[in-house]
Amino acid sequence: MGQFFFDVPETAQDFISRSLWKDAYICGIEGVPWQSRNEFDGSRLTITRGIESSGKLFLTCPVEGVGYCTLNTCSLRPLEEAHLLLLELARGSCYRARIQSDAWERAGLTLTSTFLELMAEGTQRFLDAAQRRGDPGVASEYAIEAISILERANAELGDSYAIQSVSFRKQRENQLGTLLAAAVVPPSPTEPDHEEAFCAAFNSAAVRLSWADIETDSGRFDYDAAEQSIRWCASKGLRVIGGPLLDFRERLMPHWLYLLEDDFESLLQSVCNFAERTVLKLRGSVQLWNCASGLNTPGPLKLDDEQIMRLAVGILQTVRRNDPNTPAIMMFDQPFGEYLAKHRDAISPLHFADAIARSGLGMAGFGLDVRVNYASGATLPRSAIDFGQMIDRWGTLGLPLLVQLSIPGDRGADEKAIYPLETLPETSSELDASSDQLRIASPLIRTLLAKHIVHGIVWDGWSDAVPHVLSHSGLIDAENEPRPLLDYLTRVRRDFLA
């Protein structure tokens, strides 16, 4: 058994207590989190896992000037002697900034003066912390300053890469062919108030075909709302992404399905019957099928790995058999794999996707569902650099990617959310949640536009004024007013996309 001990002096206890230390994890060179048990007694963080090998600690902390951000150490050994937590996190921030900037500069990236200044200042603060290691309290104070400066440097570096890469693509492609869509719950987005705004911002729409809404009782189907949304999209010249046909989350599956939890063959048959009926009903009006979402994460039904794989293969086969001319994808939740740190029997998203890709069923690509700034069931907040590196890892599978993003634009309860999630607390009173949504989303969207492997971007939430899936994720708020991110997406569509 491997145990990692991290000392937290009194001067840094507030910083760590506000962190998401319960979600911290260790991973090795392969980048896959290991299941661990986390304990924090106020002065020491202990991470215990079942193997005794070196690894990097990943910990999400509120960083001044950045907000919540997932920091990581360099590779450490599980020793009886404790590591000084803040110093090791600062070392990791410094290492990432220096190594990544050097690699990108060698590849032709022009480093900005802002980055160079932040890099120099942050490195000096880290050296000050390292030199004061004998006084853990003072060293940790310097380390916290270094982390804030270096993470701002990393944000500047990531933005420089995205902007210069998109500009490079534009020199060769007059207009990028990337799909840009918003996910809508039928009959949305047919409300007259924001029809023009939707068409100005998006060239596509992801129409949710919720099994729970369409087949409320076994054998009784109602496609009226879905067909209304799809007809509206067709009238506006928008391409339609249909699905997911199966969303493996609580409240998004029919309530009567739980009766089949102990009868997998009947469950599989019900899933495939719904998929077949839906595809036959809507084929010709849907340009991309999203077959399933979230099968890689633990869901409301207790299924083993073999059953999950049979479910994925069964629904994909059904879609391909009934509509062989329309491309089909499968969406994977939390693509960094954070959930593996808490669930021993969970499936690695990358390994699951690789197995499906090798099945020979003709899958057109992968979908990645990235929910950020939610307290549970979400991707931990990442820098644009880390986000881009994750996209590159998925790109090694050789299939196009569609990335679905959602970030809350408000806090508190959301009565119209079908799948309500608690949002992370605010880290600064300088920005309201709506502005925070734009601040976090814009560099991630620019990073996706810079990646050739990304063929589609979906914003998971159009309007909070009507029933929607995730809490506060809409581009239109609960008062039916547009949030700042909608204007940003409109400019992206106008300047870069067909």
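Look a little higher up for the structure.
As the structure is a computational prediction, the values presented were derived from the model and not from experiment. Residue indices begin from 1 for each chain and proceed along its sequence in written order. The model is predicted, so local features are restricted to residues of pLDDT at least 70 and side-chain atom pairs to those at 80 or more, both for listing and for counting; the totals for chains, interfaces and linings are taken over all residues. Values shown for side chains rest on all heavy atoms present in the structure; no hydrogens or waters enter the calculation.

1. A look at the overall build of the chain
- Put simply, DSSP marks the helices as runs of H or I at least four residues long and the strands as runs of E at least two long, and each gets a number from the N terminus on. A count of helices and strands for the chain gives 13 helices and 18 strands.
- In summary, the chain has a C-alpha radius of gyration of 23 Å against a globular reference of 23 Å for 498 residues, a match within 12%.
- If one aligns the C-alpha atoms of the chain with their principal axes, the spans along those axes are about 70 × 50 × 40 Å.
- Residues classed as buried in the chain amount to 58% of the 498 residues present.
- The contact definition used throughout considers only heavy atoms, calling two residues in contact when any of these lie within 4.5 Å. Counted over contacts in the chain with a minimum sequence separation of 6, partners at least 24 positions apart contribute 76%.
- A total accessible area of about 20,700 Å² is found for the chain, and carbon and sulfur atoms account for 47% of it.
- Seen as two clouds, the 47 positive and the 67 negative side-chain charges of the chain have centres 5 Å apart. The globule rule used here is 2.2 Å times the number of residues to the 0.38 power, and the radius of gyration it is set against is calculated over C-alpha atoms. When accessible area is computed with a 1.4 Å probe and restricted to protein chains, residues below 20% of their type maximum are described as buried, those above 50% as exposed, and intermediate ones as partly exposed. Note on areas: Shrake-Rupley, 1.4 Å probe, and residue coverage restricted to the protein chains presented here. A residue counts as positive if it is Lys or Arg and as negative if it is Asp or Glu; His and the chain ends are not included. In plain terms, the charge of a residue is placed at NZ if it is Lys, CZ if Arg, CG if Asp and CD if Glu.

2. Focus: the sheet that holds strand 6 (residues 67-72)
- Spatially, the three strands line up as an open sheet ordered 2-5-6, and their pairing is antiparallel. Looking at strand neighbours, the two that pair on one side only are strand 2 (25-27) and strand 6, the edges of this open sheet. Across the sheet, the mean angle from the axis of one strand to that of its neighbour is 30 degrees, orientation sign disregarded.
- The pairing criterion is simple: DSSP has to find at least two bridges between the two strands. Where strand 2 meets strand 5 (residues 56-63), three bridges bridge the pair, whose relative direction is antiparallel. Convention adopted: a line fitted to C-alpha atoms gives each axis, helices being fitted over their contacting stretch, and angles between N-to-C directions are expressed from 0 to 180 degrees.

3. Looking at the environment of Glu276
- Relative to the helices and strands, Glu276 resides in helix 8 (residues 264-282).
- By relative accessible area, Glu276 is classed as partly exposed at 28%.

4. Considerations on the nonpolar core
- What makes a nonpolar core is a set of buried Ala, Val, Leu, Ile, Met, Phe, Trp, Tyr and Cys residues whose side-chain atoms join them at distances within 4.5 Å. Core analysis: the biggest nonpolar cluster contains 136 residues, and Leu85, Leu295 and Met330 have the highest contact counts within it.
- Residue contributions to this core peak at 10 residues, all from helix 4 (residues 136-172).
- Counting 10 residues, the second-largest nonpolar core is a separate cluster that includes Leu179, Ala181, Ile241 and Leu402.

5. Let's talk about the packing of helix 9 (residues 305-322) against helix 10 (residues 349-357)
- Interhelical geometry of helix 9 versus helix 10 gives an angle of 45 degrees and a closest axis separation of 11 Å. Comparing their axes, helix 10 and helix 9 come out oblique. Considering how the two elements wind past one another, helix 9 and helix 10 form a crossing that is right-handed. Contact residues: Ile308, Met309, Ala312, Val313 and Leu316 in helix 9; Phe352, Ala355 and Ile356 in helix 10.
- Considered class by class, the residues forming the contact of helix 9 with helix 10 number eight nonpolar, no polar and no charged. By definition in this entry, angles of less than 35 degrees are roughly parallel, angles greater than 145 are roughly antiparallel, angles of 65 to 115 are roughly perpendicular, and the rest are oblique. Should the near helix be turned counterclockwise from the far one by less than a right angle, the crossing is left-handed, whereas a clockwise turn marks it as right-handed. Any residue outside Ala, Val, Leu, Ile, Met, Phe, Trp, Tyr, Cys, Pro, Asp, Glu, Lys and Arg is labelled polar, Gly included; the first ten of those are nonpolar and the last four are charged.

6. Examining helix 10
- For helix 10, the full list of buried residues reads Pro349, Phe352, Ala353 and Ile356. Angularly, the buried residues of helix 10 cover 95 degrees about the axis, an arc narrow enough to put them on a single face.
- The elements touched by buried residues of helix 10 are helix 9, strand 13 (328-333), strand 14 (365-371) and helix 11 (384-395). An arc is given here, and it is the one of the directions from the helix axis to the C-beta atoms.

7. As for the sheet that holds strand 1 (residues 2-7)
- Pairing within the open sheet is mixed, and its four strands lie in the order 3-4-1-7. At either margin of the open sheet sits one strand with a lone partner, and together these are strand 3 (36-40) and strand 7 (83-84).
- Of the strand pairs in this sheet, strand 1 and strand 7 are connected by two bridges, and their pairing is parallel. Note on strand 7: the bridge partner recorded for Asp7 is Leu84.

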